[in-house]
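# Close look at the chain arrangement
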Amino acid sequence: MHGNTGSPSDFSATYNELIARGYAASQIFRPNWGSKTCAACNDHEGSEETPVVNALVDAVAASCTGKIDVIGHSMGATLAAREIYRNGLASRVDSFVGIAGAFRGLWSCGTYPYNVVTSTCGYYGMSVNSPLLNGLYGKRFGTRMYSIKSYADEVVCYGGVCTVNGVHSSCCSLLRRPRSRPTAATSLSVAACGAAPTPHYPTTSASS
């Protein structure tokens, strides 16, 4: 899932690598969501949801194991997480990888409901303590969940602050807290966000 105002081609290198490793093109789904010219217009509700949930459902249907892996970047990570949780698909996701997703909010968006002036920072957006993000608090989006985060992220670490309530905003689960802050300002870490219980498949089909 590409980020805000991004495109499926943002994952071309990943796509090509998967093809080189034996995956078929029909096994890789890259939804194209949101406005490409108005970053402040995109949020996690309405037209942005449709291509994402359709891709998730189609990927599950196409999987020979009934399991899929999901990779999301930036707002694409939180959007994918919301659709997985909202549509009861967490048990169908083997690995969820969030790359620089602001799961705890963006300080550049302010703190909900104060100073929230755009859709991207609003009720269904990326402000700290937004109802959307609070609704994802502590939820699981797959059997295994991983965060790729940086302390030099120009978006997540706006104003030099990367954490919300002491936890890096890009960590996709609240089941574990990091023990310490990396010492190198440019360090990049991949953190497992906790093991899930044995998944139970939903008895009804997902819908948007």
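Residues numbered from 1 in each chain as written. Predicted model: local features only at pLDDT ≥ 70, side-chain atom pairs only at ≥ 80, totals over all residues. Heavy atoms only, no water.

### So, the layout of surface pockets
Put simply, the test is: Put plainly, a pocket is an open set of points on a 1 Å grid over the protein atoms alone with protein on both sides within 12 Å along at least five of seven lines, a cavity is a set where a 1.4 Å probe fits but cannot get out, and a lining residue has an atom within 4 Å of a point. Grid points are joined across faces, edges and corners, and a volume is the space filled by probe spheres set on the points. Counting from the N terminus, the helices are the DSSP runs of H or I reaching at least four residues and the strands are the DSSP runs of E reaching at least two. Three classes are used: nonpolar for Ala, Val, Leu, Ile, Met, Phe, Trp, Tyr, Cys and Pro, charged for Asp, Glu, Lys and Arg, and polar for all others, with Gly counted as polar.
Estimates place the volume of the largest pocket at around 790 Å³. Put simply, the parts of the chain that give the lining of the largest pocket at least two residues each are α1 (12–20), α2 (49–62), β1 (68–73) and β2 (93–99). Here the residues of the lining of the largest pocket are counted per class, giving 18 nonpolar, seven polar and four charged. For the second largest pocket, the calculated volume is near 300 Å³.

### Some details on the pattern of salt bridges
Let me state the cut-off plainly: A pair is scored as a salt bridge if a Lys or Arg side-chain nitrogen falls within 4 Å of a carboxyl oxygen belonging to Asp or Glu. The classification of residues rests on relative accessible area computed with a 1.4 Å probe and restricted to protein chains. Under 20% of the type maximum is buried, over 50% is exposed, and intermediate values are partly exposed.
Counted according to the given criterion, the structure contains six salt bridges. A salt bridge links R144 to D94; its shortest N-O distance comes to 2.9 Å. Here R144, found in strand β5 (residues 144–150), pairs with D94, found in strand β2; they are 50 residues apart in sequence, far enough to count as distant. Here D94 falls in the partly exposed class, since its relative accessible area comes to 24%.

### Topic: unusual backbone geometry
Cis peptide bonds are those with omega within 30 degrees of zero, and the linkage from Y112 to P113 qualifies with 5°. By secondary structure assignment, the location of P113 is in the loop between β3 (106–111) and β4 (127–128). Unusually for a residue other than glycine, S74 sits at a positive phi of about 55°. The topology assignment puts S74 in the loop between β1 and α3 (75–86). With relative accessibility at 23%, the residue S74 sits in the partly exposed group. Phi at N165 takes a positive value of approximately 55°, unusual for a residue other than glycine.

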